[in-house]
Amino acid sequence: QGGREYEDRAEAIALKRMLPKSGKLMLELGAGAGRNTPRYAGFDRIVLLDYSTTQLAQAQEKLGRSDPQGAAPKYIYVAADVYRLPFRDHQFDAATMIRTLHHMADAPKALSQIRNVLRPNAVFILEFANKLNLKSILRYWLGRQNWDPFTLEPVEFVKLNFDFHPKAIRNWLGELGFSIEKTLTVSRFRLGLLKKIIPAKLLAAL
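Reading the values: the criteria
- Numbering of residues starts from 1 in every chain and runs along the sequence as written.
- This being a predicted model, a pLDDT of at least 70 is required before a residue's local features are given, and a value of 80 or more before pairs of side-chain atoms are given or counted; all residues contribute to the totals for chains, interfaces and linings.
- Where side-chain values are given, they derive from all heavy atoms of the structure, hydrogens and water being excluded.
- Here a helix means four or more residues in a row that DSSP labels H or I, a strand means two or more in a row labelled E, and each is numbered from the N terminus.
- A simple rule labels every residue: compare its accessible area, found with a 1.4 Å probe on the protein chains alone, to the largest value its type can have, and call it buried under 20%, exposed over 50%, or partly exposed in between.
- Any two residues whose heavy atoms approach within 4.5 Å at even a single point are treated as in contact.
- Here the open area of atoms and residues is found with the Shrake-Rupley method and a 1.4 Å probe, where only the protein chains shown may cover a residue.
- His residues and chain termini do not enter the charge count, which takes Lys and Arg as positive and Asp and Glu as negative.
- Charge placement uses NZ in Lys and CZ in Arg. For Asp and Glu, CG and CD serve respectively.
- The set of buried Ala, Val, Leu, Ile, Met, Phe, Trp, Tyr and Cys residues whose side-chain atoms join them within 4.5 Å is what this entry labels a nonpolar core.
- Here pLDDT means the predictor's own confidence in every residue, given as a number from 0 to 100.
- In short, DSSP must find at least two bridges between two strands for them to pair.
- A crossover counts as right-handed when, viewed with the strands pointing away from the observer, the path leading from the first strand over the helix to the second turns clockwise.
- Think of each axis as a best-fit line through the C-alpha atoms, taken over the contacting stretch in the case of a helix, with angles from 0 to 180 degrees between the N-to-C directions.
- Polar contact criterion, stated in full: a pair of N or O atoms within 3.5 Å, where within protein one must be able to donate a hydrogen and the other to accept it, and residues adjacent in sequence count only if both atoms are side-chain atoms.
- The term salt bridge refers to a pairing of a side-chain nitrogen on Lys or Arg with a carboxyl oxygen on Asp or Glu at a separation within 4 Å.

Chemist: Would you mind showing me how to read the overall build of the chain here?
Modeler: Of regular secondary structure, the chain possesses 7 helices and 7 strands. Scanning the chain from its N terminus toward the C terminus, one meets helices and strands in the order α-β-β-α-β-β-α-β-α-β-β-α-α-α. If you line up the chain on its principal axes, its C-alpha atoms span 60 × 40 × 30 Å. Burial statistics for the chain: of 206 residues in total, 39% are counted as buried. Within the chain, counting contacts between residues at least 6 apart in sequence, those at least 24 apart form 64% of the total. Accessible area of the chain: about 12,200 Å², with a carbon and sulfur share of 52%. Charged side chains in the chain number 31 positive and 20 negative. The centres of these two groups are separated by 5 Å.

Here is the structure:
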């Protein structure tokens, strides 16, 4: 909803390409109402973490708590602050953070918390808002915005909404001991006009 069908389809493609098909324990950071959670079905148990209890309640209403056989809960709902994750170190086989980092005023601190709770060789899929995009570059060159898309510091374009330079993200991840294996673009055609005239399915396929 809200004109985001293209973005949702593009994210689904990226997750299918990057996420392991199976695993034991998965952490979904910024899970919200569980939009992406069914895409992690290959994991035995999934922890949905969000700061909003309202969003988590919507996720639980949608997904339920246990599998049909009444075994151990497949979904575990945790209301918590990403800066203070309530988990033991080295606990998760995989984690995702989709459409969430752009709300983090201290992104490196959030990423360090995530690194602590991942097992060695775990997979972490991070989506972030890129300040070095064609629109921001053109607006900067034409004098229509005062912030520089080429500098490494984040830009807060609306209160608690940040865009990041890709090199800054790579630097932070590298300093924390992550190794970057694959990068995909999920918003290459994120223009209102394109989304109006071209079906979302076709845009995502492109």
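Back to the write-up after that little detour.
Chemist: Looking at this structure, I do not really get the nonpolar core. What am I missing?
Modeler: Here is a general trend for soluble globular proteins: nonpolar side chains tend to be buried in one another's company. One finds Leu27, Leu29, Phe87, Met97, Leu101 and Phe124 to be the most contacted residues of the largest nonpolar core, which totals 31 residues. Elements that contribute at least two residues to this core include exactly strand 1 (23-29), strand 2 (43-50), strand 4 (92-97), helix 3 (107-117), strand 5 (118-126) and helix 5 (166-175). Here this core gets 5 residues from one element, more than from any other, and that element is helix 3. Residues contacting Phe124, with those up to four places away along its chain left out, are Leu29, Ala95, Thr96, Met97, Leu111, Ile114, Leu118 and Phe178.

Chemist: Where do I start with the confidence of the model for the chain in this structure?
Modeler: Parts of the model with low pLDDT should not have their predicted coordinates read in detail. The pLDDT averaged across the chain works out to 92; a share of 96% of its residues lies at or above 70. Across the chain, the secondary-structure element scoring lowest on mean pLDDT is helix 6 (residues 192-197), at 86, and the one scoring highest is strand 4, at 98.

Chemist: So what exactly am I meant to see when it comes to the pairing of strand 4 here?
Modeler: Strand residues, when the strand is regular, have side chains that alternate between the two faces of the sheet. In terms of residue burial, strand 4 counts as a mostly covered element, since 5 of its 6 residues are buried. Pairing analysis gives 4 bridges linking strand 1 to strand 4, with the strands arranged parallel. Among the inter-strand pairings, Leu27 is bridged to a residue of strand 4, identified as Ala95. Pairing geometry for strand 4 and strand 5, over 5 bridges, is parallel. Among the inter-strand pairings, Met97 is bridged to a residue of strand 5, identified as Leu126. As a crossover connection, the stretch from strand 4 through helix 3 into strand 5 is right-handed.

Chemist: Teacher, can you tell me more about the sheet that holds strand 2 here?
Modeler: The pairing of strands in a sheet comes from backbone hydrogen bonds and takes either a parallel or an antiparallel form. Pairing within the open sheet is parallel, and its 5 strands lie in the order 3-2-1-4-5. Every interior strand has two partners, whereas the edge strands, strand 3 (75-79) and strand 5, have only one. Along the sheet, successive strands turn relative to each other by an average axial angle of 20°, direction set aside. In the packing of helix 3 onto the sheet, the strands contacted are strand 1, strand 4 and strand 5, and the crossing angle to strand 5 comes to about 140°.

Chemist: Hey, could you run me through the environment of Lys131 in this one?
Modeler: Relative to the helices and strands, Lys131 is located in the loop between strand 5 and helix 4 (134-141). Judged by relative accessible area, Lys131 falls into the buried class, the value being 1%. Through-space distance from the C-alpha of Lys131 to that of Pro154 is 7.7 Å; in sequence the pair is 23 residues apart. When neighbours within four sequence positions are excluded, Lys131 is seen to be in contact with Ser136, Trp147, Asp148, Pro149, Thr151, Glu153, Val155, Asp163, Phe164 and His165. In this structure the side chain of Lys131 is engaged in a polar contact, spanning 3.1 Å, whose partner is the backbone oxygen of Asp148. Within polar-contact distance, the side chain of Lys131 engages the backbone oxygen of Thr151 at 2.9 Å.

Chemist: Looking at this structure, I do not really get the side chain of His165. What am I missing?
Modeler: Tracing the sequence through the fold places His165 in the loop between strand 7 (161-163) and helix 5. Not counting residues up to four positions away in its chain, the partners in contact with His165 are Lys131, Leu132, Pro149, Phe150, Thr151 and Leu152.

Chemist: Where do I start with the pattern of salt bridges in this structure?
Modeler: Pairing between side chains of opposite charge can happen when the charged atoms of each approach one another. Taken as a whole and assessed by the stated rule, the structure comprises 8 salt bridges. The salt bridge involving Glu5 is made with Arg9; its shortest N-O contact spans 3.0 Å. In this pair, Glu5 and Arg9 are both assigned in helix 1 (residues 5-18), 4 residues apart and thus about one turn of the helix distant. You can call Glu5 partly exposed: its relative accessible area is 44%. Here Asp8 and Arg35 are joined by a salt bridge, their closest N and O atoms 2.5 Å apart. Separated by 27 residues along the polypeptide, Asp8 in helix 1 and Arg35 in the loop between strand 1 and strand 2 bring together distant segments of the chain. For Arg35, a relative accessible area of 33% gives the class partly exposed. Each of Asp8, Glu11, Arg35, Arg39 and Arg99 takes part in salt bridges that share partners, so that together they form one network.

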